[in-house]
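# Structural overview
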Amino acid sequence: MVMMINKFICPVLFLLVATVSPGQGVDFKKQIAPILSSKCNSCHTAKKKESDKKPKAGLALNTSGGIRAGRVIEPGDASSSELFIRVSLPKTDEELMPPTDDGGPLSAKEIALIKKWIDDGARFGSGSGGDIGKIAADLDVAKVMAMPMREPNADAVAHLEGLGATISQLAVNLPQQLVVEWISTYHKTTDKEIEQILHIAPNVVEVDLSRTKVTDEGLKHIGKLARLTHLNLSRTQITDKGLEHLSGLRSLQHLNLYGTGVSNAALPTLAKHRKLKALYTWQTKITADGLSKLRKALPDAKLVLETDAKSNRYDNLDNPDNKFDF
Amino acid sequence: MKQLFALNIAAIVFALFNAGSASAQLGLRSGAVAPNQSKEFQLAAARKVDKLVGAEFRRKQTRPLPKSTDAEFLRRSYLTAIGRIPSYEEAAEFLDSEESGKRVALIDTLIGSYGYNMHMFNWWADLLRATDSFQNTSGAPYIKWIKDAIAEDKPYNKMVHELISATGGGWQNGAVGYYMRDKGMLKDNMANTTRIFLGTRIECAQCHNHPFDSWKQMEFYEMAAFTAGMKIGERDSFSSYLSDKEDEEGMDRGLRDVSRLIRYAVFDFSVADAGNGSIKLPDDYKYRDGKPGERVGAKSLSGFGKNVRVSLKSKAKGAGEARQEFADWMVSPQNPRFTKVIANRMWKRVMGTGLFEPLDNFSSGAAPSNPALMAYLEELLVDLNYDLKAFQKVLFHTYTFQLAPSPAQHPARSPYNFNGRQLKRLSAEQVWDSLLTLKIDKPDVRKGNGYSGGAIMFRNRPVLVGKKTMKDIYSEVIAIDSPAAVWKYAENLHKQIKGDKGGGAKASGKMKMEMMMAQNARKYGQEMRASELSSPMPNGHFLRQFGQSDREVIENASTDSDVTQVLSILNGHIEKQITSNGGSKVFKVVNDGRTDADKIDRIFLSILSRRPSEGEKELFLNEFKRNRGAAVRNAVSALISTAEFMFIQ
Amino acid sequence: MSEKNLFHKGDEVSRRQFMIGAAHSYLGVSVLPMLGATVATSDTFGAAPPMRPRTAKSVIFLNMSGGMSHLDTFDPKPENQDVQGPTPVIDTSADNVQISGFLPKTAAVMKHITLFRGMRSNQGAHEQGQYLLHRSYAPRGTIVHPALGAWVMRLSGRRNTTIPGFVAIGGSSENATGGFMGAKYGGVPLGNANAGLKDSKRAHSVSKAEFDHRLSLADKMNSDFHGRFKQKQIKTYHGLYDEAIKLMTSEDLKAFDIKNEDSKVRDFYGNNGFGQGCLLARRLVEHQVRFVEVNLGGWDTHSDNFVSVEARCQILDQALAGLISDLERRGMLDHTLVALGTEFGRTPDINDNTGRDHFPRAFSSLMAGGGVKGGFVYGETDRKAHTVKEGIVTPGMFNATIGHALGLPTERVVTSPSGRPFTIGDEAKPVKEIFA
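Every value quoted in this text rests on a predicted model; they were computed, and no experiment measured them. (Residues numbered from 1 in each chain as written. Chains lettered and ligands numbered in written order. Predicted model: local features only at pLDDT ≥ 70, side-chain atom pairs only at ≥ 80, totals over all residues.)

## So, the overall build of chain A
Test applied: Working definition: helices are DSSP H or I runs of at least four residues, strands are E runs of at least two. Numbering for both runs from the N terminus. With C-beta atoms placed from the backbone, the exposure class of a residue follows from how many other C-beta atoms lie within 10 Å of its own: 20 or more, buried; 12 or fewer, exposed; in between, partly exposed. Contact between two residues is assigned when their C-beta atoms, built from the backbone, lie within 7 Å.
Across its full length, chain A holds 12 helices and 7 strands. Buried residues in chain A amount to 48% of all 326 residues. Within chain A, residue pairs in contact and separated by at least 24 positions form 61% of the contacts whose partners lie at least 6 positions apart.

What follows is the structure, given as structure tokens:
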């Protein structure tokens, strides 16, 4: 009978932690990324092109987004984090990462660094809070479009998260393309917080501002997100005027205006978004007549005013008195 | 090393660990007289255990922790031995006592009490996945069988043998529940048997050769052959006759239900043998040691004592003989794993952490953290004739059990040297039963689940009380030789039930009590110990919310905490049943207090089984001054919300 | 390829192709990788590269428990009256797709729906079939497999961290089990849509001030204990109090209260348990709950199949069409996957009680929104709906497809505490053809 060493035992480790001085923060870029890069990324790297091999276990450890999306860390708790558990197994364990025939195990120092980094909250920034600089006053959509689409600045992402935003990447292997949402914090999100999105302007492809306190003025900032494809403004107080700030968003494909004060007067502005594929206008002042005019400019777009059921069984809901207390 | 011990402020306790050696030799292996009855034997055995634990401390140069305080010992003993916190009176009595032998006396009292049985049942129910019903048939006889076995302290080896070899009707022999439980899944049942009693997991090998160790699919099938061909339920033709009659147009619904009751209780509820110790390999068998569909004979796993096997060539095996041999092999003293597994389970039950863990995965290679101790415990259990109660008593009497709680959390599943008990969240049942102690007086009295064993429950009501029992129905029906005559019997029984005006003048005292208990669950659902409620409680119930096993898989109880539990403490069950329930026991106790200080004492003793520290006293004296009316409620709520309440120290 | 070219490639370029193209051009030209070592510098890439963003953020799983008749709902055979019986057949808003006349409103939204007409299970009893449907594995006496929602929690976590991420409305609470993954990943079962989230509100017996005061008392008590036992489990336990308070004060808690909805909206979904469950599901998804299951029972039509199924369909039709069109007009259907499943179909042969019996060999299910094609049919049964001619989909494949829509790694192995390996769909591959 093959005897297996219990995989949860790692007595050696507890002695090792001491080798990382407790007072100092671990810098992800300088201390953790090089470990991952040299020891993990030969297998765990997002696919860049068809011929690339798939990341093992669907886990891409070459970007912060990939690490987060892979659910291998529990910030603040290394002992529950798969990343730490797997690298700290005994040498004989089949589950050890990296495998012994492929560079494993990591050195005691490396393991201790990973532990400390996770226990400290697994921050991807510099660890010191970082300097994310100022948003240039003259930033505009053309400048943003001209910016290279680099891996986003982790400190800027952390900054925005600190303001209540939820930031995720579009897919495991698309780390440069970010989705920004205000999920449980919408009720306290104003133009001021929204402006901070410009720190990662070249990376933002989807924004959800639904139910936030964004104003027409705040849409100025959104209008600079040159690569934006999806924008959800539903149930906000924005009006026709605000939409004008968006006219430079040439790649916009989905625009949700449901429950806003937008009217037919905005239609010429909307018609400029030639890439638009879906427009939601339920419970706005836009009318069916108005939409049919827009149809001429955007022949292939889906324009949703009410339910699109053939037989209009649901028209009793198209009632301006309907109030929602969200 | 010597100096280290000399400096040790806990040297007094440690001296005891060393000194045990001389006396430990006394009284052991006395053999002839039932040794477990003798106090001397138990205490000597406890010292021997301590000596073996102490040897490990010395080897690792560990200073033993000091002895637990009386309050720590009190709460720990109650929760571990009888599954609940002590009541105010019980706590005060023990803490105020100045008897020198009060710890030993407390353990003897607790283990001799009915609360021990209740708590032990929870343990068994989790291990055996004992449920109230098996699809349509009642699980009550099985529950009752387990409870009786605990009550009469049936030796473990005897108990296991009876379960594995169980045969007959459910109402005649509750032990058949062990197989009824897994009707239609006999192979899974075999995997479970191996896991429960031999601490070895072979279920992976059911479908393929085990990837991590040497179990082969062939070996799994050879094991499964022992129980293959067992028949659960009998006289299918009778059953389908009744079922057809029930479906007839215009059938009286009452009669239909009586017929169903008979079908479920008699024809569906029995275990019989038709197998001869052989089994067919699956049609997709893909290894070289056998052919798809080939028949193979039973053979016990190797490495577990003297093998038993059934040769296909000999036709000597009658139906069920193989299963009997299997049961003999399982509990044989030559099967070392059988004793080791239960000794470790009991150790974990008392000490909180196993000598090896997981308890049931032999192939994971987890060796006992203290092999000498493990060996001694096995020896002891055999000496005690597999008396689990006596065995646990020895463990409770050790100094090891009495050490102060370990301040550090030991990593799960790594070898532990037992220097102080690990903090552990209360089990769902311990939480429920402790809250019950705060709610009512004498929480261990009312009996429910399983004790309706004899009662005929018709549409959730006991009927023909004192006139007829389920056992009677079983033996009467099984004696009838034609389906039509059974139908007649059903019609008759239906008439009797309809005409039943209660009364039951002829009911014996015992029977009356059983009937009463059958009704307890309905009447006192919130005021019975967990062991007396349904097994398991329905999903969503407080017990399930706190992690009671769903009885789907072995040892599926959980002590994980989650946010819904905290909500229940803050806003739900606890708030409603205890904190804002002025009639609950804890409030009565507190109201009897003379002064604020006395009242605070009583709150602390009731909930945390200790008196308040000076700082705490001051905190709550202030509270009493500030919030006259609400102070008691606030204090009760605050104390229940502490981690100290939710963890065994 | 330059950005400019990409943007002028034409309106028909799907968003996904755009995204992929963009990624490649940036990767090839100017991206400075964070970790340095392994980024490709090649500028060759195929026309349809595999990188694919998730198409759904949330899932609403409609569980038709009892075994929904496929002939009388989504796979009618009008040309074979002997199996079709009296159930009428109607055209839908999708070309060449006909469904049962019991579902007129659903027919109107068929252009959003992908039908699976080649479902196949190997479990013919309810409990086992439901188990397989929810967990991709057949029940075993030796392990409890996690429900699909628990898989989603495990592989992707909550979106809104102030409220539960997995909620099951009505039906067996087993459908919300975390199985071997533990309660942490399990769902919150709600008895019915009106019940709200249990114990999430302060008891009437306690004022806000009193509540806070009690917690501060407990806190003072705890500090001693925590000082003595500096342990993770104690810290974790304390953390749960913070989380409970966070939940109790969450803005999103009101999502659980459908009484906040206008009565017209409530009627729109149908004034019954299932309809209101679907309405609650929509509210929860609006608040970024990741996985919501709603149960509709009563499909076990061994007798009087046609009467019973028509009655069930009235409820289903109103709620399903209501849900889909409500999601659509709110702009949510694009990223919300509505999936409808059942444990098995019913026999094409009509029995003596004008009923249909269990039939796992061929049955139907559907998905809508969340990036799936509209008006699309995957799989086909023979002329008597008796066996699957092509496009067999097992419950495991169905579940893997849901995982795929969410962008989860469907091949990811999760190991049970006993060391056994499992995947979201029991190693089944997602059906990728159904995605637009």
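## Looking at the sheet that holds strand S1 (residues 58-64) of chain C
Residue and element names in this part refer to chain C. Our working rule: At least two DSSP bridges between two strands are required for those strands to pair. Think of each axis as a best-fit line through the C-alpha atoms, taken over the contacting stretch in the case of a helix, with angles from 0 to 180 degrees between the N-to-C directions.
With mixed pairing, the 8 strands of this open sheet are ordered in space as S6-S5-S7-S1-S8-S11-S4-S12. Taken across any chain shown, the strands that pair with only one partner, and hence form the sheet edges, are strand S6 (188-190) and strand S12 (376-378). Geometrically, the sheet is characterised by an average inter-axis angle of 15° between neighbouring strands, direction not taken into account. Note: strand S5 (residues 166-169) against S6, 3 bridges, orientation parallel. Across the sheet, the residue bridging to Ile169 is Leu190, located in S6. Sitting on the sheet, helix H6 (residues 148-156) touches S1, S5 and strand S7 (291-296), and the angle it makes with S5 is about 165°.

## Thoughts on the interface of chain B and chain C
Every contact between the two is made by 48 residues of chain B and, on the other side, 46 residues of chain C. Mapped by element, the contributors of at least two residues to the side of chain B that touches chain C are helix H11 (186-198), helix H25 (563-571), helix H26 (573-579), helix H29 (614-626), helix H30 (631-640) and helix H31 (643-646) of chain B. Ranked by residues supplied to the side of chain B that touches chain C, first place goes to H25(B) with 7 residues.

## Brief notes about the pairing of strand S11 (residues 363-369) of chain C
On a regular strand, each side chain points to the face opposite its neighbour's, so the side chains alternate between the two faces of the sheet. Residue and element names in this part refer to chain C. Along S11, 7 of the 7 residues are buried, which leaves the element largely enclosed by surrounding structure. Where strand S4 (residues 113-119) and S11 come together, 5 bridges link them in antiparallel fashion. The partner of Phe116 across the bridge, within S11, is Ser365. Pairing of strand S8 (residues 336-342) with S11 involves 4 bridges; the strand directions are antiparallel. Its bridge partner being in S11, Leu340 is matched across the sheet by Leu366.

## Side note on the environment of A:Gly242
Residue and element names in this part refer to chain A. With respect to the secondary-structure elements, Gly242 resides in helix H10 (residues 240-244). Residues Gly242 and Leu228, 14 residues apart in the sequence, show an inter-C-alpha distance of 16 Å. Look past the residues within four positions of Gly242 in its chain and what remains in contact with it is Asp216 and Leu219.

## A word on the sheet that holds strand S4 (residues 230-232) of chain B
All names here are of chain B. The strand order across the open sheet built from 3 strands is S3-S5-S4, with neighbouring strands paired in antiparallel fashion. Lying at the two open borders of the sheet, with one neighbouring strand each, are strand S3 (168-169) and S4. With 2 bridges joining them, S3 and strand S5 (residues 270-273) adopt antiparallel strand pairing. Residue pairing in the sheet places Gly169 in a bridge with Ser270 of S5.

## Examining the packing of helix H13 (residues 236-246) of chain B against helix H14 (residues 253-267) of chain B
Packed helices, taken two at a time, are described by their axes: the angle between them and the distance between them. Residue and element names in this part refer to chain B. Put simply, the rule reads: Angles are sorted into four bins: roughly parallel if under 35 degrees, roughly antiparallel if over 145, roughly perpendicular if 65 to 115, and oblique for all others. Throughout, a crossing is termed right-handed when the near helix is turned clockwise from the far one, and left-handed when it is turned anticlockwise from it by less than a right angle. Classification convention: Asp, Glu, Lys, Arg as charged; Ala, Val, Leu, Ile, Met, Phe, Trp, Tyr, Cys, Pro as nonpolar; all other residues, Gly among them, as polar.
One can describe the packing of H13 onto H14 by two numbers: an axis separation of 10 Å at closest approach and a directional angle of 165°. In terms of axis orientation, H13 runs roughly antiparallel to H14. As for how H13 packs across H14, the hand of that crossing is left-handed. When H13 is examined against H14, the residues Phe238, Ser239, Leu242, Ser243, Lys245 and Glu246 are found in contact with a partner set consisting of Arg256, Ser259, Arg260, Ile262, Arg263 and Phe267. Of the residues belonging to the contact of H13 with H14, the class tally is 4 nonpolar, 3 polar and 5 charged.

## Topic: unusual backbone geometry
Look at the link from A:Met97 to A:Pro98: it is a cis peptide, with omega at -15°. By secondary structure assignment, the location of A:Pro98 is in the loop between helix H4 (82-87) and helix H5 (108-119). A cis amide bond links B:Ser535 with the next residue in sequence, B:Pro536, at an omega value of -5°. One can find B:Pro536 in the loop between helix H23 (509-523) and helix H24 (542-545). Despite not being glycine, B:Arg235 shows a phi value in the positive range, around 45°. In this structure, B:Arg235 sits in the loop between S4 and H13.

## Some remarks on helix H11 (residues 305-329) of chain C
Residue and element names in this part refer to chain C. Heads up, the rule is: Given the number of residues in a helix, its expected span is that number minus one, multiplied by 1.5 Å.
In this model, H11 (25 residues) spans 35 Å end to end at C-alpha, consistent with the 36 Å of a helix rising 1.5 Å per residue. Within H11, 19 of the 25 residues are buried, which leaves it mostly tucked inside the rest of the structure. Following H11 by one or two positions, Gly331 adopts a phi angle in the positive range, close to 75°.

## Here's the deal with the environment of B:Arg421
All names here are of chain B. Of note, Arg421 is situated in the loop between helix H19 (399-402) and strand S8 (424-425). Here Arg421 falls in the buried class, since 24 other C-beta atoms lie within 10 Å of it. Spatially, the C-alpha atom of Arg421 lies 27 Å from that of Phe542, the residues being 121 residues apart in sequence. Setting aside residues up to four positions removed in sequence, Arg421 forms contacts with Arg76, Met351, Gly352, Leu403, Pro405, Ser406 and Gln649.

## A word on the pairing of S8(C)
All names here are of chain C. Burial within S8 is extensive, with 7 of its 7 residues counted as buried. Across the two faces of S8 the burial is the same, with Thr336, Val338, Leu340 and Thr342 and Leu337, Ala339 and Gly341 all buried. Relative to S8, S1 runs parallel, the two being bridged by 7 bridges. When the bridges of S8 are listed, Phe61 appears paired with Ala339.

## With respect to the environment of B:Gln422
Residues and elements named next belong to chain B. Along the polypeptide, Gln422 turns up in the loop between H19 and S8. Of the residues examined, Gln422 has 20 C-beta atoms within 10 Å and is grouped as buried. Residues Gln422 and Gln409 lie 13 residues apart in sequence; the distance between their C-alpha atoms is 6.7 Å. The contacts of Gln422, once residues within four sequence positions are left out, are Gly352, Thr353, Ser406 and His410.

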